[in-house]
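Summary of structural features
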Amino acid sequence: MIEAAKLTLTGDVLLHCVVDAILGALGLPDIGQIFPDTDPKWKGAASSVFIKEAVKLMHEAGYELGNLDATLILQRPKVSPYKEAIKANLSLLLGADPTVVNLKAKTHEKVDSLGENRSIAAHTVVLLMKK
């Protein structure tokens, strides 16, 4: 159960980071400003909803995903057994070919809250292309 909960949290961290990368590439404010949790429409919404909304904004602005490179930083759970499934699900949510979506994971070598398994971080870079 703890492993499943940690995987869900890891997925949320990744999806929120992807949303922020797309919004940033569009020159828009961050996820908390565009989708505030004080708005009943967004409060408690699944992270996949925010991805779909960010993709919608991307298309409305005349862009498509050129590529995406994401890195998860966490000690546990080990991401490698789930990496291809995560990549496939992310590609599906983005409406992108899996060949343009890259996912890496690394540990923080037992240093600070990341390395002590008390937190999770993600970094995402996206390239948007004019349609």
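A short tour of the structure in this document, coming up.

What counts, and at which threshold
Residues numbered from 1 in each chain as written. Predicted model: local features only at pLDDT ≥ 70, side-chain atom pairs only at ≥ 80, totals over all residues. Heavy atoms only, no water. Axes fitted to C-alpha atoms, helices over the stretch in contact; angles between N-to-C directions. Helix = DSSP H or I, 4+ residues; strand = E, 2+ residues; numbered from the N terminus. Parallel < 35°, antiparallel > 145°, perpendicular 65-115°, else oblique. Contact = heavy atoms within 4.5 Å. Pairing = 2+ DSSP bridges. Salt bridge = Lys/Arg side-chain N within 4 Å of Asp/Glu carboxyl O. Buried < 20%, exposed > 50% of the residue type's maximum accessible area, 1.4 Å probe, protein only. Polar contact = N/O pair within 3.5 Å; in protein donor to acceptor, adjacent residues only side chain to side chain. Expected span 1.5 Å × (residues − 1). Arc of directions from axis to C-beta. Phe/Tyr/Trp six-rings, centres within 6.5 Å; stacked < 30°, edge-to-face > 60°.

1. Some thoughts on the packing of helix α3 (residues 47-60) against helix α4 (residues 83-94)
- The interhelical angle for the contact between α3 and α4, taken along N-to-C directions, is 45°, at an axis separation of 9 Å. Here α4 runs oblique to α3, going by the angle between their axes. Every residue of α4 that contacts α3 at Ser48, Ile51, Lys52 and Val55 is listed here: Leu90, Leu93 and Leu94.

2. Here's the deal with the sheet that holds strand β1 (residues 63-73)
- Strand order across the open sheet formed by three strands is β2-β1-β3, with mixed pairing between neighbours. Looking along the sheet, the strands with just one partner apiece sit at the ends: β2 (101-106) and β3 (121-130). In this sheet, neighbouring strand axes are inclined to one another by 10° on average, regardless of whether the strands run parallel or antiparallel.
- The sheet contact formed by β1 and β3 spans ten bridges and is antiparallel. In the strand pairing of β3, Leu65 is matched with Leu128.

3. Examining the pattern of salt bridges
- Applying the stated rule across the entire model yields one salt bridge.
- The salt bridge partner of Lys104 is Asp69, with a shortest N-O separation of 2.7 Å. In this pair, Lys104 is assigned in strand β2 and Asp69 in strand β1, connecting sequence segments 35 residues apart.
- Here Asp69 falls in the partly exposed class, since its relative accessible area comes to 29%.

4. A few points about the pairing of β1
- Here β1 pairs with β2 via six bridges, running parallel. The partner of Ile73 across the bridge, within β2, is Lys106.

5. Considering the side chain of Ser91
- Relative to the elements of secondary structure, Ser91 occurs in helix α4.
- Judged by its relative accessible area of 2%, Ser91 falls in the buried class.
- A polar atom in the side chain of Ser91 sits 2.8 Å from the backbone oxygen of Lys87.
- Those residues in contact with Ser91 that sit more than four places away from it in its chain are Ala96, Asp97, Pro98 and Val101.

6. Quick look at α3
- The end-to-end C-alpha separation of α3 is 20 Å, in line with the 20 Å expected for 14 residues at 1.5 Å each.
- Along α3, the residues that are buried comprise Ser47, Phe50, Ile51, Ala54, Val55 and Met58. Take α3 and look down its axis: the buried residues cluster within an arc of 135°, on one side only.
- Downstream of α3 by one or two residues, Gly62 has phi in the positive range, about 90°.

7. Focus on the packing of aromatic side chains
- On inspection of all chains with the given rule, the structure shows three aromatic pairs.
- Seen from their ring centres, Phe35 and Phe50 are 5.3 Å apart, and the 40° between their planes marks the pair as tilted. Note that Phe35 is positioned in the loop between α2 (31-34) and α3 and Phe50 in helix α3, a separation of 15 residues in sequence. Here Phe35 matches Phe50 in class, with each residue buried.
- Summarising the aromatic geometry, the rings of Trp42 and Phe50 are spaced 5.9 Å apart at their centres and angled 45° between planes, so their arrangement reads as tilted.

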